Amino acid sequence: MATCGECNAELPDDRTCAAYFHQALAWDFEDPVVAGSVHHLTVLCFHLQHPGLYSREGLEHAKGLLVEFLENGTTPDMIRRSEARNVQNDRRDWPVTARDSTSGKYRCPPKWTMTVKDVIAGGLECYPTSVKTWARSVFEALKESGNI
Ligand SMILES: [Zn+2]
């Protein structure tokens, strides 16, 4: 069985984490009210568990967003409004996604207890709850490993 090099999920049948992630995005799209309500957490958690997709600065920004969503009760709308405001004065001068040698990496790799594969295994019925549990587990793993 293959193992994901980033989140350590065991991957049967050569299915990749990206394939599970695309399944989640399909559910978000098919059911925008219920499944789509956790879309921001799905995207964030998938990338936080695959930090090589981010630049170093992008990873720091993403960790901050997770804290905002889970600890401070900030909504995606509030983030969008404040980022739109910031674009006027304080233009972001760093790339979000990884380029060559600048990809995001954790100093001490977190021990993930749940991955996108587990979320998909829970099925569409449980998807919003599974994503919230997943987001909490990502937050706890980042905290325990000293990354936030
Ligand atoms: Zn993975």
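Just above sits the structure.
Each chain carries its own residue numbering, running from 1 in the direction its sequence is written. Reporting in this predicted model follows two pLDDT cut-offs: at least 70 for local features of residues, and 80 or more for side-chain atom pairs to be given and counted; totals over whole chains, interfaces and linings ignore these cut-offs and use all residues. Calculated side-chain values reflect all of the structure's heavy atoms, with hydrogen atoms and water omitted.

A.B. asks: Whenever I open this one, the coordination of the zinc ion confuses me. Can you help?
C.D. replies: Ideal geometry at a metal gives 109.5 degrees between four tetrahedral donors and either 90 or 180 degrees between six octahedral ones. At 2.0 to 2.3 Å from the zinc ion lie its protein donor atoms, namely Cys4 (SG), Cys7 (SG), Cys17 (SG) and His50 (NE2). Donor atoms are limited to N, O and S found within 2.8 Å of the metal ion, a distance that becomes 3.2 Å for Na, K and Ca. With water left out, some sites might look partial. A four-donor site is classed as tetrahedral when every donor-metal-donor angle falls between 85 and 135 degrees; four donors are called square planar, and six octahedral, when trans pairs exceed 155 degrees and all remaining angles lie between 65 and 115, with any other arrangement labelled irregular. Its four donor atoms give the zinc ion angles of 99 to 113 degrees at the centre, a pattern that matches the tetrahedral case. As a motif over one chain, the donors of the zinc ion read C-x2-C-x9-C-x32-H. Of this pair, Cys17 sits in helix α1 (residues 17-30) while His50 is found in the loop between α2 (39-48) and α3 (56-71), placing the two residues 33 residues apart along the sequence. Judged by its relative accessible area of 5%, His50 is buried. We count a stretch as a helix when DSSP gives it H or I for four or more residues in a row; a strand needs E for two or more, and each element gets its number in order from the N terminus. For the exposure calls, accessible area comes from a 1.4 Å probe over protein chains only, and a residue counts as buried if that area is under 20% of its type's maximum, exposed if over 50%, partly exposed in between.

A.B. asks: I tried to follow α2 on my own but got confused; where do I start?
C.D. replies: Two residues of an α-helix separated by three or four positions point the same way, owing to the 3.6 residues in each turn. Within α2, seven of the ten residues are buried, which leaves it mostly tucked inside the rest of the structure. When α2 is considered as a whole, its buried residues turn out to be Leu41, Thr42, Leu44, Cys45, Phe46, His47 and Leu48. By the convention used here, residues are in contact when the closest approach between their heavy atoms is within 4.5 Å. Structurally, α2 contributes buried residues whose contacts are with α1, α3, α5 (116-121) and α6 (127-144).

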